[in-house]
Amino acid sequence: MLQSALTPLHYVYLIGVICILFVMILRKDTPIICIGFLFLLGIVGTNSVIGGIQTIFKAILYAGKEFMEIIATIALVTAFSKCLMDLGSDKLLMAPMAKVMKTPAITWWILGITMLISSLFLWPSPSVALLGTIMLPFAVKAGLKPLAAAMAINLFGHGIGLSYDFVIQGAPAISASSAGISTGELLSVGRPLFIVMGVTTVVVAFLLNRKSLASNELQIRSAAPQPKKQDFGKAALLLAVITPIAFLLDVFFMILLDLKGGDATSIVAGTAVFLMCFGAISAFGKKSLEKVTDYVTDGFLFAIKIFAPVIIIGAFFFLGGEGISSILGEQYQSGILNDWAIWLANNTPLNKYVTALIELLIGALTGLDGSGFSGLPLTGSLAQTFGSAVDASVPILAALGQIGAVFVGGGTIVPWGIIPVAAICNVDPLELARKNIVPVFIGFAVTLITAFFLLS
C-alpha cells in the first residue's frame, strides 16, 4: 500500500482548505485568507518567518505563470470581440444563428452539445475561445442568461468532454497507464459511469435553470421587438464572412496537425489577433494603430480584472499539487493534497463499496488544485491496488477516480479552474462554481450508486 507521512505542514494546509471553503460558502472573498495561510505554510515549510514572507510572493508568481496562457487567451479573444462589436460584425454573425436559437431552452442544449463535440476533438480550452467568440453572442441574443450559458459550456465541455475523452484520450490514457490496464478497457468498462455522470449533471442543471429559461422566453415573446434595419460597412461585412471561415480552418488544421492543449489554444488566440488587426485596418485605416492599441488594452484590463483574485487563490492551491517544489523548495516532491489522499486510502477499512467511495473522494480531493489531471496517476494506481485487495473491477474504480478529479478540478467546481468560461461569459467564477455544485454532486451520487451495482 502507498505510504505518506503527515507533518504539521499538512495539518496547516488542511485547516486552510477548510477555512477557504467555509468563507466561499458565506459568499465572501477569500484572497486575504489565502495570503494568511501562504504565510503560515511558508513559516512551517521553511522554518523561517522570512521564508513565510517569501512564500507569499513565490506562490503568487508561480500561479501567475501557470495562468498566463489563459490570461493572454482571454485578453486577446476579448480584444477581438470588441473589434467585432465596434464594426457591427457581431450582429451580422448573429443573423443566421437567430433562426436556430429561437428559445433560451433550445439555445442551452445547442450551446452545450456544440461545446461537447468541439471539446472531444479540440479539448475544452480552445473550444471555449471559439464558442465564446462565435456562439455566445447568439445565445445571449436568444435570451439565454450568461450564467446559464456558462453552466452549459462548463458541464458539457470541462465535465463530460474532458472526463469521457474517448477521441483524444488524454485523461483516460493517464488513468489507464497508472492502473495497469489499457485505455480501451477503461473507456469500455467505465462507459456506463461516464454516461450516467454526464447525463445526470446536464439534466439536473437544465431543470434547475428551467424556470429562468421559461421566464426569459416569455419576456422575449411579449416584447417582440421589431428588428431595426441597419446599414453595415464593407469592413463589417468582410469581417463577418472571414471570421467563421478562419476559425473553421483552425479546426481543420488542429485535426490535420494533431494540435492539442496549449498548441490548439494558441492557434485560436493567434487567429483572433490577426482578425482583430484585419478588421481595424479595413474599417479605420490610419486610425487602426490607435484602435488596435485600445482593443488590446481593453482586453488585458478585462482579463487581469477577472484573474487578479484567482491568482491569489490559485497560489494557495498550487501547493496541493506539483507546484510545491517550485514554491517551497526541491525538498518537497509530493503535493500536500496528494499526501492527504494517500493517507485517506491507507486509513479506511476496505471493501468493494468503500473503495468505490474512496476513489471518488480522492479524485475530488486531488482536483482541488484546479488541474483535474494532476491526481490521475494517484487515482489510477490506487484503483489497481484497491482492485487487487478487494477483488473489484480496476477499470470501474479508475473511472470513478477520473470522474471525481476531472469534474472538480477540470473546470466545473473550483473557481480557480473555471476562469476561462467565467471570463468569456462575463460572469463571477464563484457564482458559477456555486451553480455547478448541485448538479455535479447529484451526478456524483447517482454515478456512485451505479458503480455499486456494477461492482456487486
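Residues numbered from 1 in each chain as written. Predicted model: local features only at pLDDT ≥ 70, side-chain atom pairs only at ≥ 80, totals over all residues. Heavy atoms only, no water.

Student: How do you make sense of the nonpolar core when you look at a structure like this?
Tutor: One broad rule of soluble globular proteins: the nonpolar side chains tend to lie buried together. One finds Tyr13, Trp108, Phe316 and Leu319 to be the most contacted residues of the largest nonpolar core, which totals 137 residues. Looking at this core element by element, the count peaks at 14 residues for helix H3 (residues 49–87). If we skip the residues at most four places from it in the chain, Tyr13 touches Leu41, Phe316, Phe317, Leu319, Gly320, Ile336 and Leu337. Formed by six residues, the second largest nonpolar core is a distinct cluster that contains Leu162, Ala171, Phe373 and Val406. (Core = buried A, V, L, I, M, F, W, Y, C linked by side-chain atoms within 4.5 Å. Buried < 20%, exposed > 50% of the residue type's maximum accessible area, 1.4 Å probe, protein only. Helix = DSSP H or I, 4+ residues; strand = E, 2+ residues; numbered from the N terminus. Contact = heavy atoms within 4.5 Å.)

Student: What's the story with the packing of helix H17 (residues 352–366) against helix H21 (residues 429–455) in this structure? I'm lost.
Tutor: Two packed helices can be described by the angle between their axes and the distance between those axes. Running from amino to carboxyl end, H17 crosses H21 at an angle of 145°, the nearest separation of the two axes being 10 Å. Crossing hand, H17 versus H21: right-handed. Residues Lys352, Tyr353, Ala356, Leu357 and Leu360 of H17 form the contact with H21, whose own contacting residues are Phe444, Leu448, Phe452 and Leu455. Of the residues that constitute the contact of H17 with H21, the class distribution is eight nonpolar, no polar and one charged. (Axes fitted to C-alpha atoms, helices over the stretch in contact; angles between N-to-C directions. Left-handed = near helix turned anticlockwise from the far one by under 90°. Nonpolar A, V, L, I, M, F, W, Y, C, P; charged D, E, K, R; others polar.)

Student: Can you walk me through the environment of Ile313 in this structure?
Tutor: Among the structural elements, Ile313 can be located in helix H14 (residues 288–317). When the C-alpha atoms of Ile313 and Val49 are compared, they prove to be 21 Å apart, with 264 residues separating the residues in sequence.

Student: Help me understand the packing of aromatic side chains, please; the structure alone is not making it clear to me.
Tutor: Ring pairs (aromatic) are described by centroid distance and by the angle formed between their planes. Tallying each qualifying case throughout the model produces 12 aromatic pairs. For the ring pair Trp109 and Phe156, a centre distance of 5.9 Å and an interplane angle of 80° mean the geometry is edge-to-face. Taken together, the residues span a long stretch of sequence, with Trp109 in helix H5 (residues 104–122) and Phe156 in helix H8 (residues 146–163) at a distance of 47 residues. Given a relative accessible area of 28%, Trp109 falls into the partly exposed group. Ring geometry for Tyr164 and Phe194: centres 4.9 Å apart, planes at 10°, overall stacked. Of this pair, Tyr164 sits in the loop between H8 and helix H9 (170–179) while Phe194 sits in helix H11 (residues 191–223); the two residues are 30 residues apart in sequence, bridging distant segments of the chain. Aromatic rings pair up to connect Trp108, Trp109, Phe156 and Phe206 into one cluster. (Phe/Tyr/Trp six-rings, centres within 6.5 Å; stacked < 30°, edge-to-face > 60°.)

Student: Looking at this structure, I do not really get the side chain of Thr450. What am I missing?
Tutor: Along the chain, Thr450 turns up in helix H21. Of note is the side chain of Thr450, whose polar atom sits 2.8 Å from the backbone oxygen of Val446. Contacts of Thr450, omitting those with residues within four sequence positions, involve Leu193 and Val196. (Polar contact = N/O pair within 3.5 Å; in protein donor to acceptor, adjacent residues only side chain to side chain.)

Student: Would you mind showing me how to read unusual backbone geometry here?
Tutor: Leave glycine aside and you will find that most residues have negative phi; peptide bonds, for their part, are mostly trans. Residue Asn47 is not a glycine yet carries a positive backbone phi of 60°. The topology assignment puts Asn47 in the loop between helix H2 (31–46) and H3. Judged by relative accessible area, which is 70%, Asn47 ranks as exposed. Residues other than glycine seldom take positive phi values, yet Asp391 does so here, at roughly 55°. With respect to the helices and strands, the residue Asp391 is situated in the loop between helix H18 (376–390) and helix H19 (394–412). Classification of Asp391 as exposed rests on a relative accessible area of 63%.

Student: Whenever I open this one, the pattern of salt bridges confuses me. Can you help?
Tutor: Pairs can form between side chains of opposite charge whenever their charged atoms are close. Summed over the entire model, instances satisfying the criterion amount to two salt bridges. Between Asp86 and Lys291 there is a salt bridge, and its shortest N-O distance comes to 3.2 Å. Of the two residues, Asp86 sits in helix H3 while Lys291 sits in helix H14, which places them 205 residues apart along the sequence. On the basis of relative accessibility, which here comes to 39%, the residue Asp86 falls in the partly exposed class. A salt bridge links Arg434 to Glu431; the shortest N-O distance between them is 3.3 Å. In this pair, Arg434 and Glu431 are both assigned in helix H21, three residues apart and thus about one turn of the helix distant. By relative accessible area, which is 25% here, Glu431 ends up partly exposed. (Salt bridge = Lys/Arg side-chain N within 4 Å of Asp/Glu carboxyl O.)

Student: How do you make sense of the side chain of Gln402 when you look at a structure like this?
Tutor: Relative to the helices and strands, Gln402 resides in helix H19. Side-chain polar atoms of Gln402 contact the side chain of Ser175, separated by 2.8 Å. When residues no more than four places from it in sequence are discounted, the contact partners of Gln402 are Ser163, Ala171, Pro172, Ser175, Leu186, Phe194, Leu376 and Thr379.

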